[in-house]
Amino acid sequence: MPASPCPQTKGEANCGRGTCCFPGRMNRLYSSLEPNVMDDNMLKLAVQEQGPQEEAGQLAKQEGILFKDILSLRLDFQNILRIDNLWQFENLRKLQLDNNIIERIEGLENLTHLVWLDLSFNNIEAIEGLDALVNLEDLSLFNNRISKIDSLDALAKLQVLSLGNNQISNAMNIIYLRRFKDLRALSLSGNPIAEAEDYKMSVCAYLPDLVYLDSRRIDDHTAKLAELKHQYSLDELKHRENQIQAQLEHEQDLRKELEEHRAAFVEQMNGSFLFDSMYAEDVEGSKLACLPSVAELLAAYPSKDKFVIICLNIFEYGLKQQEKRKVELDTFNACVHEAVRENQEQGKHRIAAFEEKHLVSLSAIQDEADITSTEMKIVESGEAINELYNVLMTLEMQLAEQLEETINMFERNIIDLVGLFIENVQSLYPFLDCTMAQCRDLETHHHEKLLEICINTLEKILKGELDADLPEDVRVLFVDKDTIMNAVGTSHDIHLLKIDNREDELLTRVNSWCTQLVGKIHKDEISRNRRRVREINQYIDHIQNELDNLEYMDVID
């Protein structure tokens, strides 16, 4: 059966890539020569040679061509060892670097608009350096030294992948390619993996959306036969993929939830995290926990349950306050957007009315034969331009005053909301059951009970009345009253420090958020105002220049 036309050539005999039409081309034609450096001279020369010729080319050569305007660049057969100096080609769509001696994929991080990349016939051993190429659709790494297909995860739009004549042998590389839902053409011929008896069937089964394999179209019969042959393995694979996908979605939901909690400044307050952290670094407290009375205290003492309830109350309160702040911000943004829109509409109507009359005036000036009448009409047009300028500037001044008032009102409201949140969390209102002070009260109560138990234990030890056999590291704490009181005090200080730090973190972050938000809003409004004033001046200068040029031409005539 004859091979179907290459998908990249649309039936032509030579695709120009060397990956399907001339697989015998060598990438080391110049290996005996000194490697070339990708410097500005090489890039400028390539751009000039591939740019427009004749008159247009000469003009471009004189004025210079900006690298950022180049969409396609061919650097094949240049004996290039290292990819470099491409950062200025920020809008490049197509890059041809085949038939060089490149050893590493690098220097492509600024080519985010790249769609087509040819690195065939080089000395590349690993796929790397492609994470920024999120728009890449066609990648050729034909005839290199690659043994593993990986590091392509960022290439979600990949449609064509040429990896023929490499050293790929592991069938798991095929499984890796299942993540590329748009992949339609794949070349793996010339690899050890392609020598396997079941190679074609395996690829067709595990990559069911593939249309071309090794430049041959996959017919429907082959695709169905491959699916039936590998049905059991496919079912197992899909089951594992579904499990992995479910786990990824679950982790993504958790991350999203955590970000929402962070935005409310109450992350990890919806559980026992704070309480557990108080004891995580409390060495003395852990030792004292082995005392019989302390174990009973920890079991009966409602500190943890009540402590966690208070944290949950802070958490819920924080989410409600965050929602209020969000509503306030959304309302503010909507008001600003509406005010700007209405102001722009007024400006557009004024400009449209002016331009309609202005075109008539310009036409009348051109047709006027009398010099005196011409001068009068030019003066009238100039006055109309000045009037339009005053109208537009007045509209902008009114908008700026309106937005300043809106911003100031929003600033007061958001500061009040943040202040109320801080006051309540700090417990300035003791009737609320969601304050950090209540956490400290519980800890102090626990400290007092623990100290009482330890003093009683010390008295029993001194009298020889303690029945329990204490571990040596605990017994050394009961040598005297000062030692045990210091141990209990250290434990108490650690617990309070954890509570204080969490409170300080909450207050610092919410205040910082408020300050940065308000500052950004003021800064954005200043930028908007300056931008609008500049637009008005540029527009007025433009129409004034038109009038001035017309007046100059009349004088010449």
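Residues numbered from 1 in each chain as written. Predicted model: local features only at pLDDT ≥ 70, side-chain atom pairs only at ≥ 80, totals over all residues. Heavy atoms only, no water.

Moving on to the overall build of the chain. In terms of regular secondary structure, the chain is built from 14 helices and eight strands. Counting all 557 residues of the chain, 38% fall into the buried class. Within the chain, contacts between residues separated by at least 24 positions form 60% of all contacts whose residues are at least 6 apart in sequence. On the chain, roughly 31,800 Å² of surface is accessible, and the fraction owed to carbon and sulfur atoms is 51%. (Helix = DSSP H or I, 4+ residues; strand = E, 2+ residues; numbered from the N terminus. Buried < 20%, exposed > 50% of the residue type's maximum accessible area, 1.4 Å probe, protein only. Contact = heavy atoms within 4.5 Å. Areas by Shrake-Rupley, 256 points an atom, 1.4 Å probe, with all protein chains shown as cover.)

As enumerated under the stated definition, the model contains eight aromatic pairs in all. Geometrically, the ring pair formed by Phe 332 and Phe 410 is stacked, given 4.5 Å between the ring centres and 25° between the ring planes. Of this pair, Phe 332 sits in helix α10 (residues 303–367) while Phe 410 sits in helix α11 (residues 371–426), placing them 78 residues apart in sequence. Here Phe 332 matches Phe 410 in class, with each residue buried. Each member of the aromatic cluster is reached from another via a ring pair, and the members are Phe 275, Tyr 279 and Phe 307. Residue placement shows Lys 94 over the ring face of Trp 116; its charged tip is 4.6 Å from the ring centre. The residue whose ring lies beneath Arg 217 is Tyr 212, and the NZ or CZ to ring-centre distance is 5.7 Å. (Phe/Tyr/Trp six-rings, centres within 6.5 Å; stacked < 30°, edge-to-face > 60°. Lys NZ or Arg CZ within 6 Å of the ring centre and 35° of its normal.)

To continue, consider helix α1 (residues 40–50). All of the buried residues along α1 are Met 42, Leu 43, Ala 46 and Val 47. Buried positions in α1, seen along its axis, are confined to an arc of 130° and lie on one side of it. Exposed and oriented more than 90 degrees from the buried face of α1 are Asn 41 and Glu 49. Looking at the buried positions of α1, the neighbouring elements they touch are β1 (72–74). (Arc of directions from axis to C-beta.)

Side-chain pairs of opposite charge can arise whenever the charged atoms involved come near each other. Counted under the stated rule, the structure contains 23 salt bridges. A salt bridge links Glu 259 to Arg 262; its shortest N-O distance comes to 3.9 Å. In this pair, Glu 259 and Arg 262 both sit in helix α6 (residues 231–263), three residues apart, roughly one turn of the helix. Relative accessible area serves as the criterion here: at 49%, Glu 259 is assigned to the partly exposed category. Between Glu 338 and Arg 341 there is a salt bridge, with its nearest N and O atoms 2.6 Å apart. (Salt bridge = Lys/Arg side-chain N within 4 Å of Asp/Glu carboxyl O.)

Another aspect to go through is the sheet that holds strand β5 (residues 160–162). Note on sheets: strands pair through backbone hydrogen bonds, and any given pair is parallel or antiparallel. Sheet architecture is open: eight strands sit in the order β1-β2-β3-β4-β5-β6-β7-β8, paired in mixed fashion. Looking at the sheet topology across the chains shown, the edges are occupied by β1 and β8 (216–217). (Pairing = 2+ DSSP bridges.)

Turning our attention to a negative patch on the surface. The grouping of Glu 249, Asp 253, Glu 257 and Glu 260 at the surface amounts to a negative patch. With respect to the helices and strands, Glu 260 occurs in helix α6. Here Glu 260 falls in the partly exposed class, since its relative accessible area comes to 44%. (Patch = residues over 30% accessible without salt bridge, like charges linked within 9 Å, V, L, I, M, F, W, Y side chains within 5 Å. Lys, Arg positive; Asp, Glu negative; His and termini not counted. Charge placed at Lys NZ, Arg CZ, Asp CG, Glu CD.)

Estimates place the volume of the largest pocket at around 370 Å³. Residue lining of the largest pocket: Met 172, Ile 175, Tyr 176, Arg 178, Arg 179, Lys 181, Lys 238, Glu 241, Asn 242, Ile 244, Gln 245 and Leu 248, and that is the complete set. Of all the secondary structure elements, the ones that give two or more residues to the lining of the largest pocket are α3 (172–176) and α6. Considering every element that reaches the lining of the largest pocket, the biggest residue donor is α6, with six residues. (1 Å grid on protein atoms, 1.4 Å probe; cavity = no way out; pocket = protein on both sides within 12 Å on 5 of 7 lines; lining within 4 Å. Points joined across faces, edges and corners; volume = space filled by probe spheres on them.)

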